[in-house]
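Letter by letter, the chains look like this.
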Amino acid sequence: MTPISTPSGWSSGSEEALRPAVVQDAVTGRVLMLGWMNEEALRRTQETGEVHFWSRSRGRLWRKGETSGNVLRVVEIRLDCDADAVLVQALPAGPTCHTGRPSCFHRAPEGSETPPPSGSILHRLEQVVGSRRDHPEAGSYTAQLFAAGPDEIAKKIGEEAVEALLALRHQPDRRVLEEAADLLYMLTVGLSLRGLSWDAVLQVLAERRGLR
């Protein structure tokens, strides 16, 4: 982890010195929580490699997960352009929220429960595909694919892979992007058919990078 010197104007002595710190899953990109950091919390986070915050209610420094064991292991720390907010990319050891949910952001403004926030457009696509699998809609191409079965889906993945390859070799950039999007869509359908997820794929990539 690259060290960050204490930003100008930060201190440990007052609540006015606290800065918002957003924690993001380093693998999935999902926003996990918001906490508050002062100079001491930022320094301890860098020194230990585990996320520390300043508790406004308890008036003391605290390590995320010190009671539950669900610590956040730091991958990278970034400051915003004015050095008055922090973005921490981390690897969660378990559910981040004290409710047992993966993210603290699980409520709509009116108070109803919502799924964990998506980390990317692929995650949102995955949710739509899963909905079409579990609740088929008339006229839905995705629902038709699931009805056709695994052999047809595997065939479609192969066709899209070939079209993406040909586009990479011979066609304009826009066409390459379109074919790549088609392939990712079809792979999403295939993963959903097997009960697998893009999160699981990203975990494999993270393992290869040594993040797990």
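Residues numbered from 1 in each chain as written. Predicted model: local features only at pLDDT ≥ 70, side-chain atom pairs only at ≥ 80, totals over all residues. Heavy atoms only, no water.

Novice: An account of the packing of aromatic side chains is needed here, citing residue identities and associated values.
Specialist: The full count for this structure, using the stated rule, is two aromatic pairs. Considering the side-chain rings of F53 and W62, the 5.5 Å spacing of their centres and the 40° angle between planes classify their relative orientation as tilted. When its relative accessible area of 1% is taken as the criterion, F53 is described as buried. One Lys or Arg, R58, reaches over the ring of W62 and ends 5.2 Å from the middle of that ring. (Phe/Tyr/Trp six-rings, centres within 6.5 Å; stacked < 30°, edge-to-face > 60°. Buried < 20%, exposed > 50% of the residue type's maximum accessible area, 1.4 Å probe, protein only. Lys NZ or Arg CZ within 6 Å of the ring centre and 35° of its normal.)

Novice: A description of the environment of L32 should follow, citing residues and the corresponding values.
Specialist: Relative to the elements of secondary structure, L32 occurs in strand β2 (residues 31-37). Considering only alpha carbons, one finds L32 and V189, 157 residues apart in sequence, at a separation of 26 Å. When sequence neighbours within four positions are dropped, the list of residues in contact with L32 reads V23, Q24, D25, L72, P92, T96, P102, S103, C104 and F105. (Helix = DSSP H or I, 4+ residues; strand = E, 2+ residues; numbered from the N terminus. Contact = heavy atoms within 4.5 Å.)

Novice: Please set out the side chain of D25 residue by residue, giving values where relevant.
Specialist: Relative to the helices and strands, D25 is located in strand β1 (residues 19-25). A distance of 2.8 Å separates a polar atom in the side chain of D25 from the backbone nitrogen of V27. Residues within four places of D25 in sequence aside, it is in contact with R30, L32, A90 and P92. (Polar contact = N/O pair within 3.5 Å; in protein donor to acceptor, adjacent residues only side chain to side chain.)

Novice: If you had to explain the sheet that holds strand β6 (residues 86-92) to someone new, which residues and values would you point to?
Specialist: The four strands lie next to each other as β2-β1-β6-β5, forming an open sheet whose pairing is mixed. Sheet topology places β2 and β5 (72-79) at the edges, where each strand pairs with a single neighbour. The sheet shows a mean angle of 25° between the axes of neighbouring strands, taken without regard to direction. Direction of pairing for β1 relative to β2: antiparallel, over a ladder of six bridges. The partner of V22 across the bridge, within β2, is L34. Each of β2 and β5 touches helix α1 (residues 39-48); the most contacted strand, β5, lies at about 125° to it. (Pairing = 2+ DSSP bridges. Axes fitted to C-alpha atoms, helices over the stretch in contact; angles between N-to-C directions.)

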